[in-house]
Amino acid sequence: MASLKDATAIVGIGQTAFAKRLDDPEKTLACRAVLAALDDAGIDPSEVDAFASYTMEETDEVEIAKAIGAGDVTFFSKVGYGGGGSCATVVHLAAAIATGQATVGVAWRSRKRGSGKRPWTDVQVQLPTPAQWTRPFGLLRPADEIGMLTRRYMHEYGVTRDHLFNVALACRNRANQNPAAMMYERPLTREMYMTARWISEPLCLYDNCLETDGALACVVVSADRARDCRHPPVYVHSVAQALPAQHHGMVNYWTDDPLTGPAWTAARQLWKTADFTPEDIDVAQIYDAFTSLIPLSLEGYGFCGRGEGGAFTTGGALEIGGRLPLNTSGGGLSEAYVHGFNLINEGVRQLRGTSTAQVPNAATCLVTAGEGVPTSALLLRS
Amino acid sequence: MSPIMKATTDNGLLLPVHDQDGAPFWEFAARGELRVQACAACGRLRFPPRPCCPHCRSFASDWRSMSGRGRIWSYVVPHPPLLPGYAAQAPYNAVVVELVEDPRIRLVGNVVTAPDAPLNSLDPARLRIGAAVRVCFHTMAEDTTVPRWMLERP
Ligand SMILES: [Zn+2]
């Protein structure tokens, strides 16, 4: 059977500034990020023939292609489920390029969630299901929906607020090393965390990701082509999309076991096609819209056993030098929340050796997309 | 969903926007009945409702009456920023209740001190995972009744 293993590589990454408010429109930000990524790769925009994005992206590939001066485009796709689709963009481009449907693929995300509207404030465009079962009862926001799973998780397995603080702190510490991060000059203390205002108990302000204006992009080509690009290739080693049996989206309260989310499905596929195991992962970029998604994902992706995700975070495990350095640019909690695309670009920087919080000799990186929703994940290697 | 269906109550609470699969649930609720879709072939309950049974793939279903008893599976206490109608009552509770008939059938709702009491009528310190609750019904607006929950031991 044909395999995607190491058949393609990420050869360019680009991004705009991250801020609560940027003046440029979303489309302009998208074009800036895409052109920056192509420049980073050393590939002329006229060579781009594939695009991949994910839903809640307002700029479509037609707009990008004509603005940046792409050539004939022979592959384009858009993956559903918001933040669950971040890594899937690279999955789709890798598959298209490996099967000869295209040669130069661009994935991007542009968003103005810092200055723009919060999606949950829309009362007119309610999804008919499952919103009819949740929103009338004031379970309105992603923080409420994940807070519900978090409370149950804490109850069943003894996960504590200190465990969640360990996650928030690791991300903040990395952001404090990254001049591009929104929280670069804003250290976090345990006292700040423990006295912070609630958003949805048991989740406080620091358990929630940032609200950001910004855009990012990356460029995928074949492994052959990658060797001629400006930077060392970062190979797409193993990929997965994941919609578990009987899954119900972010309000996953109706499966037999709601605490085993899409990460578990993604992990089974990811490790099945990989040459290495969780113990071989040097650094991880795990989707962190909420702190509790990290211990849940650590279990799902096999870094620890069921119910052990909270305990895993102790003893500096997620810090540089720890068992699994996490979200080394600051992640969604402390660098920028751009639906997880910054995690992909940081994974590439780690394997190039150019992160602002570099893990020495990092050669393997796990990158994941939104947990709780139908998701996707990548194993990258240098 | 009818295009003229109202999205909110007069005080800004969201009304359930029914889809075809869910419509019977809300019709029974309007009559003060808690019913859950059940497969007419294999008998398994399923929620949320859907066109066919994921176990035996039968398209035949009926709506089975529930006792209205359950236990709190989890809960949150939302604080602002929230939609104005909810912010006015925050902090309040939102719960997931597992039904005694089948703990895998779980309904999102609110625990209140009386059927028509405000969302914040119960002291959140009274909430516990595992606490026994019993259904009651609250009319949110004309034609719209929602199940709510009261502690068995108030
Ligand atoms: Zn059946």
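Residues numbered from 1 in each chain as written. Chains lettered and ligands numbered in written order. Predicted model: local features only at pLDDT ≥ 70, side-chain atom pairs only at ≥ 80, totals over all residues. Heavy atoms only, no water.

Attention now moves to the overall build of chain B. Broken down by element type, chain B carries 2 helices and 7 strands. Each helix and strand of chain B, placed in order from N terminus to C terminus, yields the pattern α-β-β-β-α-β-β-β-β. Since a compact globule built from 154 residues should have a radius of gyration of about 15 Å, the 16 Å found for chain B is in line with a globular shape. C-alpha extents for chain B along the principal axes are approximately 45 × 40 × 25 Å. Out of the 154 residues belonging to chain B, those deemed buried represent 53%. In chain B, the share of contacts with a sequence separation of at least 24, taken over all contacts with a separation of at least 6, comes to 51%. Approximately 6,900 Å² of chain B is accessible, and the part contributed by carbon and sulfur atoms is 51%. Where the 17 positive side-chain charges of chain B centre and where its 14 negative ones centre are 9 Å apart. (Helix = DSSP H or I, 4+ residues; strand = E, 2+ residues; numbered from the N terminus. Rg over C-alpha atoms; globule rule 2.2 N^0.38 Å. Buried < 20%, exposed > 50% of the residue type's maximum accessible area, 1.4 Å probe, protein only. Contact = heavy atoms within 4.5 Å. Areas by Shrake-Rupley, 256 points an atom, 1.4 Å probe, with all protein chains shown as cover. Lys, Arg positive; Asp, Glu negative; His and termini not counted. Charge placed at Lys NZ, Arg CZ, Asp CG, Glu CD.)

Let us look at the side chain of A:T313. Residue and element names in this part refer to chain A. Position of T313 among the secondary structure elements: in the loop between helix 10 (309–312) and helix 11 (331–334). Residue class for T313 comes out buried when judged on its relative accessible area of 2%. Engagement of the side chain of T313 in a polar contact is seen with the backbone oxygen of G310, the distance being 2.7 Å. Excluding anything up to four places from it in sequence, T313 contacts H163, N166, V167, L298 and L318. (Polar contact = N/O pair within 3.5 Å; in protein donor to acceptor, adjacent residues only side chain to side chain.)

Taking 1.5 Å per residue, 16 residues should reach 22 Å; helix 1 (residues 26–41) of chain A reaches 23 Å between its end C-alpha atoms and fits that length. Looking at the buried positions of helix 1 of chain A, the neighbouring elements they touch are strand 1 (8–15), helix 2 (61–68), strand 4 (104–112), strand 7 (213–222) and helix 12 (341–352) of chain A. (Expected span 1.5 Å × (residues − 1).)

You'll often see interface size given as the accessible area lost when the parts meet. Taken together, the contacts link 38 residues of chain A with 41 residues of chain B. Together chain A and chain B conceal approximately 3,700 Å² of surface at their shared face, both sides included; 63% is due to carbon and sulfur atoms. Ranking the residues of chain A by area buried against chain B places A:W133, A:F137 and A:M148 at the top, with a combined share of 22%. We note a salt bridge from A:D256 to B:R104, for which the minimum N-O separation is 3.8 Å. (Buried area = accessible area lost by both parts, 1.4 Å probe. Salt bridge = Lys/Arg side-chain N within 4 Å of Asp/Glu carboxyl O.)

This next bit is on the coordination of the zinc ion. Residues and elements named next belong to chain B. Taken together, C39 (SG), C42 (SG), C53 (SG) and C56 (SG) make up the protein donors of the zinc ion, found 2.3 to 2.4 Å from the metal. If you look at the zinc ion, its 4 donor atoms make angles of 99 to 118° with each other, and the shape they trace is tetrahedral. Taken in sequence order, the residues that donate to the zinc ion follow the motif C-x2-C-x10-C-x2-C. According to the relative accessible area criterion, C53 is buried, its value standing at 1%. Looking at C56, the relative accessible area reads 34%, which means it is partly exposed. (Donors = N, O, S within 2.8 Å, 3.2 Å for Na, K, Ca; no water. Tetrahedral: all angles 85-135°; square planar, octahedral: opposite > 155°, others 65-115°.)

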